[in-house]
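# A closer look at the structure
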Amino acid sequence: MGKDVFYITTPIYYPNDVPHIGHAYNAVATDFIARYHRLRGEEVFHLTGTDEHGLKLQRAAEAAGMTPQAWVDAMEPKWREVWARLDIAYDVYIRTTEPRHEEAVRKILLAVYENGRDDIYLGHYEGLYCVSCELYYNEADLLPGELCPIHEIPVEYFREDNYFFRLSAYAERLLEHYERNPSAVEPETRRNEVLSVIRSGLQDFSISRTTFDWGVRLPWDETHINYVWFDALTNYITAAGYAEDPDRFARVWPANIHSIGKDILRQHAVYWPAMLMAAGVEPPMQVWAHGFLTVGGKKMSKTNATGIHPFELIDRFGVDSYRWFFMREVQYGQDGSFSYEAMVDRHNADLANGLGNLASRVLAMLGTSYAGVVPEPTEGGWEADLPDVIVQAVERYDEHLLAVRLTAGLAAIWGIVSRANQYLVEKEPWQLAKDPARGDELAGVLYAATETLRILAILIQPIMPAAAQRLWDQLGLGGAVDNRRVPSDVAWGGLKPGTVTSKGEALFPRVEAD
Ligand code: MSP
């Protein structure tokens, strides 16, 4: 059986600290994409996890007076609790300290070591290392004062005997791969960056360390610990069944999308495909690099004390508004600054006044005029362009989401919300309700508006799963909204007259600015 599963991954996060909203940005985006593919009826495999080896983790544990294992065991739940509250529906959570992963790391190491081309060889390294990146840097790439360009902390001088991976032998094959697959790195600026890195000449990189011992030992030389990035990248094939389940591996691999931040592009789009080629495994289909959430123009991070914990915002705005804000406000692929004021504005404009108001008006009118029961629409009672508006928005939503244009996809479905609110203003059902002779019109208008809400509940499910279910319940539709599918369940007319609705609490209560 060939590949038939849509496989999407987040980076695996370093649990040396707790998550901030920059980490959660990727998690939410990946979940949104994964849920959208499920909505289309695809079998989806969404992977996330924690990157638990390496010097950075070992040092964090030492600073806390704990063993590395005890430290990662204590920290990893602090990541999962955030994903749970953010409604991140991953299928598998991987920890690089799990035995199944260590087995996969040994398997890929041996596959490369024994590929007959001497792609792993023993050498000597000395250079400047950033422990936060877990990367060696060339002096020319550093900031003045020998600071890491990402973390702005001093790099350290390291000198050791390492095994090296012969990355330099893969430049041609990588270029061919990117030539043949123009969308293998997105967005285009990142693709160009990757091509220029490859064209400017690739240097072999070291894949083992002897100065510390927190990691996977090389199968052929147990005095060496595998380099944390080699170990970490391998998680993507571990979880797909590389070492333990060849049938599953054939169905899942190659990954459709590795969703990552732009700071880890080189590892994902240069190192990783070359490692796979050396091991005789296909490279991923696409690496999608998003930008940074910034504060004062800089990457939000714990290192510079600008990291905001997601709970601070979820407590105030609710999980749906949180997910909506970051996906609607920050173009996926570009940097975006976070501001509390912008979040209040979006919440009130798009959610409280937009969809929330639409739902509460329609459900209230159904309540007063029909005791909550959806009326039978009579022929000609309502003429509206809503069915056409919906068909077009659904098509654009699909095109945008498949191309990972997340912001544009959301804007497309919000066209339905605007049009429906405007429709109510034009038809004035509150006036129709006062005139017994216009009962047909009233029934038609309320049917059309309620049907629009039903369709919206399905369409917003990938981005706001909890709000979608609340709306679905208020509409009296029964069951789980995430069992619905596009396009079949968003065809006009699916709402049955006689359905009993109930106006519950506001979907999105307004938030006042401080
Ligand atoms: N462990 C490595 C990834 C290994 S993947 C095989 C790592 N971990 S990390 O915890 O430092 O970062 C995880 C992800 O969070 C990266 O994609 C990074 O870009 C992202 N972000 C960290 N801070 C961010 C922002 N301020 N904004 C957006 N994303 C950012 O790197």
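What counts as what
- Residues numbered from 1 in each chain as written.
- Predicted model: local features only at pLDDT ≥ 70, side-chain atom pairs only at ≥ 80, totals over all residues.
- Heavy atoms only, no water.
- Pairing = 2+ DSSP bridges.
- Helix = DSSP H or I, 4+ residues; strand = E, 2+ residues; numbered from the N terminus.
- Axes fitted to C-alpha atoms, helices over the stretch in contact; angles between N-to-C directions.
- Parallel < 35°, antiparallel > 145°, perpendicular 65-115°, else oblique.
- Contact = heavy atoms within 4.5 Å.
- Nonpolar A, V, L, I, M, F, W, Y, C, P; charged D, E, K, R; others polar.
- Buried < 20%, exposed > 50% of the residue type's maximum accessible area, 1.4 Å probe, protein only.
- Core = buried A, V, L, I, M, F, W, Y, C linked by side-chain atoms within 4.5 Å.
- Near = heavy atom within 4 Å.
- Polar contact = N/O pair within 3.5 Å; in protein donor to acceptor, adjacent residues only side chain to side chain.
- Areas by Shrake-Rupley, 256 points an atom, 1.4 Å probe, with all protein chains shown as cover.
- Salt bridge = Lys/Arg side-chain N within 4 Å of Asp/Glu carboxyl O.
- Phe/Tyr/Trp six-rings, centres within 6.5 Å; stacked < 30°, edge-to-face > 60°.

Moving on, we get to the sheet that holds strand β4 (residues 120–130). Taken in spatial order, the 4 strands of this open sheet run β5-β4-β6-β8, and their pairing is antiparallel. Each edge of the sheet is formed by a strand with only one pairing partner; in this case those strands are β5 (135–137) and β8 (205–206). Sheet topology note: the β4/β5 ladder contains 3 bridges and is antiparallel. Opposite L128, over in β5, you have Y137 as the bridge partner.

This part covers the packing of helix α14 (residues 386–402) against helix α17 (residues 439–459). Across the interface, α14 lies against α17 with an axial gap of 11 Å and an inter-helix angle of 10°. By the criterion of interaxial angle, the relationship of α14 to α17 is roughly parallel. Here L386, I390, V394 and Y397 of α14 lie close against α17, whose contacting residues are A448, T452, I455 and L459. Split into classes, the residues belonging to the contact of α14 with α17 amount to 7 nonpolar, 1 polar and no charged.

Here H400 is to be found in helix α14. Among the residues examined, H400 registers a relative accessible area of 16% and is labelled buried. Discounting residues that sit within four places of it in the chain, H400 has contacts with R405, A408, G409 and A412.

A few words now on the pairing of strand β6 (residues 156–165). Strand direction decides the pairing type here: β4 and β6, joined by 10 bridges, are antiparallel. Note on β6: the bridge partner recorded for L128 is Y157. As paired elements, β6 and β8 share 2 bridges and run antiparallel to each other. Bridge pairing links F164 to S206 in β8.

Before going further, it helps to examine the nonpolar core. If you look at the biggest cluster of nonpolar residues, it comprises 93 residues, and the most contacted ones within it are W83, L86, Y322, F326, M327 and L355. Beyond its immediate chain neighbours, meaning those up to four positions away, Y322 contacts I21, A24, V28, L86, P310, L313, I314 and M343. Listed in part, the 85 residues of the second largest apolar core include Y14, L57, Y136 and A232.

Attention now moves to the site of the ligand. The immediate surroundings of the ligand are formed by 24 residues, with I12, D51, D263, L293 and M300 found nearest. Within the backbone of M300, a nitrogen or oxygen atom sits 2.9 Å from a nitrogen atom of the ligand. In isolation the ligand has 670 Å² of accessible area, and contact with the protein removes 95% of it.

This paragraph deals with the sheet that holds strand β3 (residues 92–95). As summarised here, the arrangement of the 6 strands in space is β3-β2-β1-β12-β13-β7, forming an open sheet in which the pairing is parallel. Edge positions in the open sheet fall to β3 and β7 (185–186), since each of these has one partner strand only. Where β7 and strand β13 (residues 287–290) come together, 2 bridges link them in parallel fashion. Bridge assignment links E186 to a residue of β13, and that residue is W288. In the packing of helix α3 (residues 68–85) onto the sheet, contacts are made with β1 (6–13), β2 (44–50) and β3, and the angle to β3 comes to roughly 155°.

Now for the pattern of salt bridges. Overall, the coordinates contain 30 salt bridges when judged by the stated rule. Notably, a salt bridge pairs R209 with E160, separated by 3.7 Å at the nearest N-O pair. With R209 in strand β9 (residues 208–209) and E160 in strand β6, this residue pair connects regions lying 49 residues apart in the sequence. We note that R209, like E160, is buried. A single network of salt bridges, built from pairs that share partners, joins E52, D73, E76, R80 and R95.

All told, the structure shown has 30 aromatic pairs when counted by the stated rule. Through successive ring pairs, a cluster of aromatic residues spans Y7, F45, Y236, Y242, F249, W253 and W272.

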